[in-house]
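Read off the chains here:
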Amino acid sequence: MDSLEMMNYYHVPRYCKKCNGVMIFRGVGEYQCEDCGYVDYDDYGKVRLYIEAHKGATAVEIEAATGVSQRAIRRMLRESRIEVAEGSKMFLHCERCGKEIRSGRFCEECEAKIHRNMEEQQREKLRRDKRGYGHSQAGEEGQRRFMREHE
């Protein structure tokens, strides 16, 4: 997700509600007006503040208190921006193996397997790109000097 999509999705305040000044990002979902100093929050900031004050709150409770949709809250969970409270009866499930997880898309084991697989694919691609175009005097494989766009 690029920054423009994120601004629209998480309702980032661009202009001050009090004086219409420009809002400056201060971190973790907090924005401050450069003119009057008014502080406002994007959806993530609202959810984070509510969770800090109400440990173990459900998505329904968070939505009712903050106005942030359950869909946005689920997206924050999948992005690992927030996590299901310790001891909660609710869990997310790993998209690969179905194991219960507290945030993200994959359990630790599946995430490690996915990363190892991606690394192996990159190593194989580098090996393929390195083969076939001359050898140095020491007998090592050389690299291609010219590549066609469609390869």
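Residues numbered from 1 in each chain as written. Predicted model: local features only at pLDDT ≥ 70, side-chain atom pairs only at ≥ 80, totals over all residues. Heavy atoms only, no water.

## Observations regarding the overall build of the chain
Then, in step 1: A count of helices and strands for the chain gives five helices and five strands.
Then, in step 2: Listed by position from the N terminus, the elements making up the chain come as α-β-β-β-α-α-α-β-β-α.
Then, in step 3: Looking at the 151 residues of the chain, the share that counts as buried comes to 23%.
Then, in step 4: For the chain, long-range pairs separated by at least 24 residues make up 20% of all intrachain contacts whose partners lie at least 6 apart in sequence.
Then, in step 5: When the accessible surface of the chain is split by element, carbon and sulfur atoms take 49% of a total near 11300 Å². (Helix = DSSP H or I, 4+ residues; strand = E, 2+ residues; numbered from the N terminus. Buried < 20%, exposed > 50% of the residue type's maximum accessible area, 1.4 Å probe, protein only. Contact = heavy atoms within 4.5 Å. Areas by Shrake-Rupley, 256 points an atom, 1.4 Å probe, with all protein chains shown as cover.)

## Section: the pattern of salt bridges
Then, in step 1: Scanning the entire structure with this criterion turns up ten salt bridges.
Then, in step 2: A salt bridge links Lys 17 to Asp 40; the shortest N-O distance between them is 3.5 Å. Taken as a pair, Lys 17 in the loop between helix 1 (3-9) and strand 1 (23-27) and Asp 40 in strand 3 (residues 39-41) lie far apart in primary sequence, 23 residues in all.
Then, in step 3: For Lys 17, a relative accessible area of 63% corresponds to the exposed category.
Then, in step 4: For Asp 40, a relative accessible area of 9% puts it in the buried group.
Then, in step 5: Between Arg 102 and Glu 86 there is a salt bridge; the shortest N-O distance is 2.8 Å. Taken together, the residues Arg 102 in the loop between strand 5 (100-101) and helix 5 (108-130) and Glu 86 in the loop between helix 4 (70-78) and strand 4 (92-93) connect sequence positions 16 residues apart.
Then, in step 6: A network of salt bridges, in which partner residues are shared, links Glu 120, Arg 123, Glu 124 and Arg 127. (Salt bridge = Lys/Arg side-chain N within 4 Å of Asp/Glu carboxyl O.)

## Section: the packing of aromatic side chains
Then, in step 1: In this structure the tally under the stated criterion is one aromatic pair.
Then, in step 2: Above the plane of the ring of Tyr 10 lies Arg 81, whose end atom (NZ or CZ) is 4.8 Å from the centre.
Then, in step 3: One Lys or Arg, Arg 81, reaches over the ring of Tyr 44 and ends 4.2 Å from the middle of that ring. (Phe/Tyr/Trp six-rings, centres within 6.5 Å; stacked < 30°, edge-to-face > 60°. Lys NZ or Arg CZ within 6 Å of the ring centre and 35° of its normal.)

## Describing the packing of helix 2 (residues 43-53) against helix 3 (residues 59-66)
Then, in step 1: Direction vectors running N to C along helix 2 and helix 3 enclose 115°, while the axes themselves pass 10 Å from each other. Helix 3 is crossed by helix 2, and the crossing has right-handed handedness. Facing helix 2, whose interface residues are Lys 46, Val 47, Tyr 50 and Ile 51, helix 3 presents Glu 61, Ile 62, Ala 65 and Thr 66.
Then, in step 2: Residues belonging to the contact of helix 2 with helix 3 are distributed by class as follows: five nonpolar, one polar and two charged. (Axes fitted to C-alpha atoms, helices over the stretch in contact; angles between N-to-C directions. Left-handed = near helix turned anticlockwise from the far one by under 90°. Nonpolar A, V, L, I, M, F, W, Y, C, P; charged D, E, K, R; others polar.)

## Some details on helix 4
Then, in step 1: For helix 4, every residue scored as buried is listed here: Ala 72, Ile 73, Met 76 and Leu 77. Each buried residue of helix 4 lies within a common arc of 145° when the element is viewed along its axis, so the set occupies one face.
Then, in step 2: Just past helix 4, the residue Ser 80 takes up positive phi, approximately 60°. (Arc of directions from axis to C-beta.)

## As for the environment of Arg 78
Then, in step 1: Along the chain, the position of Arg 78 falls in helix 4.
Then, in step 2: In this structure Arg 78 comes out as partly exposed when scored by relative accessible area, which is 29%.
Then, in step 3: Here Arg 78 is in contact with Leu 92, His 93, Glu 95, Ile 101, Gly 104 and Arg 105, once residues within four sequence places are set aside.
Then, in step 4: At 3.4 Å, the side chain of Arg 78 and the backbone oxygen of His 93 are in polar contact. (Polar contact = N/O pair within 3.5 Å; in protein donor to acceptor, adjacent residues only side chain to side chain.)

That's the geometry; what it means functionally is another story.
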